[in-house]
Amino acid sequence: MNKLLDLGVQPLVNNLFYTKEESINAKKYPMAATIDDDLKIQLDTAIPSAELYEKYLYHSAVNKPYVYHCQSMWHSIKHLKHNTVIDVGGNDGTLLKAFRSQTKDHLNLINVDASSSFREENLEAGIEYVNDYFNEDLDLPKADIITSTNVFQHTPGVEKFLAGIRKHLAPHGVWILEFPYTLRTFETLQFDQFYHEHYYYWLVTPLVKLFGKYGLRIVNTEEQTIHGGTLRLWISHKEHSNPTGASDEYLKAEKNFDFFLASEKIHKKIIKDKNWIKNLNGQVAFFGAAAKGCVYLNALDTTLKDFPNSYVVDDTISKQNMFIPGTGFEVVRREKLYKEQPENLIILAHNFKDYITKSLRPHYKGKIITMLPSVQIDLGENY
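The structure contained in this document is the topic of the report that follows. Every chain begins its residue count from 1, and numbering advances along the sequence as written. In view of the model being predicted, local features appear only for residues whose pLDDT reaches at least 70, and side-chain atom pairs are presented and counted only at 80 or more, with totals across whole chains, interfaces and linings using the full set of residues. In computing side-chain values, all of the structure's heavy atoms are included and hydrogens and water are not.

Digging into the overall build of the protein
This is how it is decided: Where helices and strands are cited, they refer to DSSP runs of H or I of at least four residues and of E of at least two residues respectively, numbered from the N terminus. Throughout, radius of gyration means the C-alpha value; the globule benchmark is 2.2 Å times the number of residues raised to the power 0.38. Using a 1.4 Å probe on the protein chains alone, a residue whose accessible area is under 20% of its type maximum counts as buried, one over 50% counts as exposed, and one in between counts as partly exposed. Here, residues are in contact when the closest pair of their heavy atoms is within 4.5 Å.
Scanning the protein for helices and strands turns up 13 helices and 17 strands. The globule rule puts the C-alpha radius of gyration for 383 residues at 21 Å, and the 21 Å found for the protein is close to it. Each principal axis of the C-alpha atoms in the protein carries an extent, and together these give about 60 × 45 × 35 Å. Within the protein, buried positions represent 57% of all 383 residues. Counting only contacts in the protein whose residues sit at least 6 apart along the sequence, the fraction spanning at least 24 positions is 69%.

Right, dumping it as structure tokens:
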């Protein structure tokens, strides 16, 4: 194992606080990633799940682009047999609800999620809710389709997860796996993808080898724009599928990419961005109390001390009036932004910048800025 990227110490990004003081004094943990000869990238520190998800406040349905993404996914897989669909880490059931909204077919929908927070919301929607970590010991029917979007990298016990896929996927079933593609992450210097919930940072190279151990094979690959560059893999049982060569171009690209050089560029960008933001003229506010925003602010050491009138706007009701870990910034509703009209608004959830910008105009008239993958400025009516 070689150390690849070191972001110092970071708080737990989804554990928001009720007071400014608690936020500023948030406990921080080492945030460093390693890489081995098989190009498996992972954190060198695993945080116990009980700590990571103690205050989990994320609701998928708040993210409208994700809802549209789920609806679009259905139309790419609806030709497959789909009587029983299992979503792993399905949160509030957004993906399965989106599937149901796009078809008149009867679907047996099952959400396997580690958090107990979403049970009632799923049951009210007619989705069976299994509050547990996905593994081979669960009592589940064979699934025609298993989906896992932006969750596989959260799982230190990846072997148990794959044993669960092997057992619960029907003989001719398909596992649809999505994750932020780490090659694109490094190409675009999106270091804010690195946080403690994301234990693994997957490339195709180690996955081909890992899947083979469980009798699984990648049969199709598709790149998606969501989450700053996502890879969608279609995976089947080896004994019921044929080789397709779907992985070949990714294996070649990963072998030829210099991840260490990209890491150096990331560290330079952090320094450059910090200085750039500090030199902005006028008040600065932020948009998006998401995990990546917390990472970005903490990596730049951007806090209430440097920006005493700043805050973070977010539409998630459960996050409003709480404080971003490590920063002292309060999460507020859009109305505060519209009333105060600060000169600069930095979108931390940059992967949804187009949707967010459109939703803000013309109510907010200042500059809308995104810092990743590069600095982009949308000038408002005042400029």
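Examining the sheet that holds strand S2 (residues 28-35)
Keep this limit in mind: Whether two strands pair depends on DSSP finding at least two bridges between them. Inter-axis angles, ranging from 0 to 180 degrees, are taken between N-to-C directions of lines fitted to C-alpha atoms, where helices are fitted over the stretch in contact.
The 4 strands lie next to each other as S1-S2-S3-S9, forming an open sheet whose pairing is antiparallel. Edge positions in the sheet fall to strand S1 (2-11) and strand S9 (200-201), since each has one partner strand and no second. In the sheet, strand S3 (residues 41-43) pairs with S9 via 2 bridges, with the strands oriented antiparallel. When the bridges of S9 are listed, Gln 42 appears paired with Tyr 200. Running at roughly 95 degrees to S1, helix H11 (residues 291-299) makes contact with S1 and S2 of the sheet.

A few points about the pattern of salt bridges
Defined as follows: By convention in these notes, a salt bridge is any Lys or Arg side-chain nitrogen within 4 Å of a carboxyl oxygen on Asp or Glu.
This model, assessed by the stated rule, comprises 15 salt bridges. For Glu 340, the salt bridge identified is with Lys 336, shortest N-O distance 3.0 Å. Of this pair, Glu 340 and Lys 336 both sit in helix H12 (residues 334-340), separated by 4 residues, roughly a single helical turn. Residue classification places Lys 336 among the partly exposed positions, given a relative accessible area of 33%.

Comments concerning the sheet that holds strand S11 (residues 230-237)
As summarised here, the arrangement of the 7 strands in space is S6-S5-S4-S7-S8-S11-S10, forming an open sheet in which the pairing is mixed. If you trace the sheet from one side to the other, it starts and ends with strand S6 (128-131) and strand S10 (216-224), each paired once. Looking at each pair of strands side by side, their axes are set apart by 20 degrees on average, direction ignored. Pairing between strand S4 (residues 84-88) and strand S5 (residues 108-113): 5 bridges, direction parallel. When the sheet's bridge partners are listed, Val 85 is paired in S5 with Leu 109.

Points about the side chain of Ser 310
As a reminder, the rule being used: Definition of a polar contact: a pair of N or O atoms within 3.5 Å, with one able to donate and the other able to accept a hydrogen when the atoms are protein atoms, and with sequence-neighbouring residues admitted only if both atoms are side-chain atoms.
Within the element layout of this structure, Ser 310 appears in the loop between H11 and strand S13 (312-313). A relative accessible area of 8% places Ser 310 in the buried class. Polar contacts involving the side chain of Ser 310 include one to the main-chain carbonyl oxygen of Val 284, which spans 2.4 Å. Contact partners of Ser 310, with chain neighbours within four places excluded, come to Val 284, Phe 286, Leu 304 and Phe 329.

A few points about the pairing of S2
Taken across its 8 residues, S2 has 6 buried, putting it largely inside the fold. In terms of strand pairing, S1 meets S2 through 7 bridges, oriented antiparallel. Bridged to Pro 11 within S2 is Lys 28. With 3 bridges joining them, S2 and S3 adopt antiparallel strand pairing.

What about helix H3 (residues 64-77)?
Filter applied, for reference: One fewer than the residue count of a helix, multiplied by 1.5 Å, yields its expected span.
The end-to-end C-alpha separation of H3 is 21 Å, in line with the 20 Å expected for 14 residues at 1.5 Å each. The complete set of buried residues in H3 reads Pro 65, Tyr 66, Val 67, His 69, Cys 70, Met 73, Trp 74, Ser 76 and Ile 77. The elements touched by buried residues of H3 are helix H4 (94-101), strand S7 (143-149), strand S8 (169-180), S10, S11 and helix H13 (353-360).

Examining the packing of aromatic side chains
Defined as follows: The rule is short: rings of Phe, Tyr and Trp, with Trp giving its six-membered ring, pair when the centres are within 6.5 Å, and they are stacked under 30 degrees, edge-to-face over 60, tilted in between.
Scanning the model with the defined rule gives 16 aromatic pairs in all. The interplanar angle of 45 degrees and the centroid separation of 5.1 Å between the aromatic rings of Trp 74 and Phe 99 together place this pair among those described as tilted. On the criterion of sequence distance, the pair formed by Trp 74 in helix H3 and Phe 99 in helix H4 is long-range, its members being 25 residues apart. Relative accessible area serves as the criterion here: at 0%, Phe 99 is assigned to the buried category.

Some details on the nonpolar core
For the record, the criterion: In this description, a nonpolar core means a group of buried Ala, Val, Leu, Ile, Met, Phe, Trp, Tyr and Cys residues linked to one another through side-chain atoms lying within 4.5 Å.
Grouped together as the largest cluster of nonpolar side chains are 83 residues, with contacts concentrated most on Phe 152, Trp 175 and Phe 211. Here the element with the most residues in this core is H11; it accounts for 6 residues. In this structure, Phe 287, Val 313, Phe 352 and Tyr 364 belong to the second largest nonpolar core, which totals 33 residues.

A few points about the pairing of S8
In plain terms, the rule: The handedness of a crossover follows from its direction of travel: if, with the strands pointing away from the viewer, the path from the first strand over the helix to the second runs clockwise, the crossover is right-handed.
When you tally the buried positions in S8, you get 10 out of 12 residues, the bulk of the element. Pairing geometry for S7 and S8, over 6 bridges, is parallel. Residue pairing across strands places Ile 145 opposite Val 174, the latter belonging to S8. Taking the sense of rotation as the criterion, the β-α-β connection linking S7, helix H6 (residues 158-168) and S8 turns out right-handed. Sheet topology note: the S8/S11 ladder contains 6 bridges and is antiparallel. Across the sheet, the residue bridging to Leu 177 is Leu 233, located in S11.

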